[in-house]
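Fold and contact review
Listed below, chain by chain, are the residues.
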Amino acid sequence: MMVLYGYWRSSAAYRVRIALNFKGLEYESRSVNLVTGEQTTPDFLRLNPGAAVPALVLNNDTVLTQSLAIIDWLDTTYPQPCLVPECPTDAARVRAAAMVIACDIHPLNNLTVLGRLRDMGQDEEARRLWMCHWMTKGLHAFQALLPTDETFCFSNAPNLADTCLIPQLFNAHRWGCDLSAFKRLTEIEARCLDRQDFANARPEHQTDALRETV
Ligand SMILES: N[C@@H](CCC(=O)N[C@@H](CS)C(=O)NCC(=O)O)C(=O)O
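In this text the structure is predicted, and so the values were computed from the model without any measurement.

Parameters at a glance
- Residues numbered from 1 in each chain as written.
- Predicted model: local features only at pLDDT ≥ 70, side-chain atom pairs only at ≥ 80, totals over all residues.
- Heavy atoms only, no water.
- 1 Å grid on protein atoms, 1.4 Å probe; cavity = no way out; pocket = protein on both sides within 12 Å on 5 of 7 lines; lining within 4 Å.
- Points joined across faces, edges and corners; volume = space filled by probe spheres on them.
- Helix = DSSP H or I, 4+ residues; strand = E, 2+ residues; numbered from the N terminus.
- Nonpolar A, V, L, I, M, F, W, Y, C, P; charged D, E, K, R; others polar.
- Domains from an automatic or database assignment.
- Salt bridge = Lys/Arg side-chain N within 4 Å of Asp/Glu carboxyl O.
- Buried < 20%, exposed > 50% of the residue type's maximum accessible area, 1.4 Å probe, protein only.

This part is about the layout of surface pockets. Rolled over the atoms, a probe sized like a water molecule indicates the empty space that remains. When its volume is computed, the largest pocket comes out at roughly 920 Å³. The wall of the largest pocket is formed by 37 residues, among which Leu-34, His-106, Asn-109, Asn-110 and Leu-111 lie closest to the centre. Going through the elements one at a time, α1 (11–22), α3 (67–77), α4 (88–105), α5 (111–119), α6 (124–145) and α7 (160–174) are the ones with two or more residues in the lining of the largest pocket. A total of five residues in the lining of the largest pocket trace back to one element, the largest contributor, which is α5. Its residues assigned to classes, the lining of the largest pocket shows 17 nonpolar, 15 polar and five charged. When residues are assigned to domains, the lining of the largest pocket turns out to be shared by domain 1 (2–81 + 203–213) and domain 2 (88–198), each giving three or more. There is about 170 Å³ of room inside the second largest pocket. If you trace the second largest pocket, you find it lined by Cys-82, Val-84, Pro-85, Asp-90, Arg-93, Val-94, Phe-154, Ser-155, Ala-157, Pro-158 and Asn-159. Residue composition of the lining of the second largest pocket, by class: seven nonpolar, two polar and two charged.

The next point concerns the pattern of salt bridges. Side-chain pairs of opposite charge can arise whenever the charged atoms involved come near each other. Applying the stated rule across the entire model yields ten salt bridges. Two residues, Arg-30 and Glu-28, come together in a salt bridge whose shortest N-O distance is 2.8 Å. Residue Arg-30 is classed as partly exposed on the basis of its relative accessible area of 36%.

Structural data, given as structure tokens:
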């Protein structure tokens, strides 16, 4: 069985959990506690020298890293149901939206960035404002890329864009960002979280969350 190294609150790992569930694939979850620094232990660095989750270990022991690369591999290897449309133009539009989140917002909001801000003397509220600033900017761009008349981000079924959006909104709620300008996105969120595949991937339903929050 494939093994997913993740952490309940990691939005990048959440993307991969959604993709695995969406495709109905079984996997074993192993938790890497980012708060205690397990991502920097020699054992984990052998899996991902980038010291970040997710990492997916395949049945033949190949290790895949980077959430978008993992999802791309899943979509190529298990094409149905698809996460990226076949038409190259549609695919590029969906990937562009996903990249607003994974490449534009996420690197500025990472744990290492937050740690650096703290070390530079920024207090909790300043760090919260930093997080919300980049999320709000990115979510405006993301929302503007979407058609306005679809049930999910780009069509009547979720795809890669929804797979990235839902974890990003989890982060936005967690940091108390004002989402009043993103009605279309929060409506999509409600529809996604009504589905079993997305709901089962939710951070609060992961075993490491249950361990940490009791
Ligand atoms: N671009 C990477 C980002 C991975 C990443 O930064 N993961 C975060 C959790 S969401 C992490 O493990 N951070 C560890 C740290 O900052 O020390 C991906 O999409 O997989």
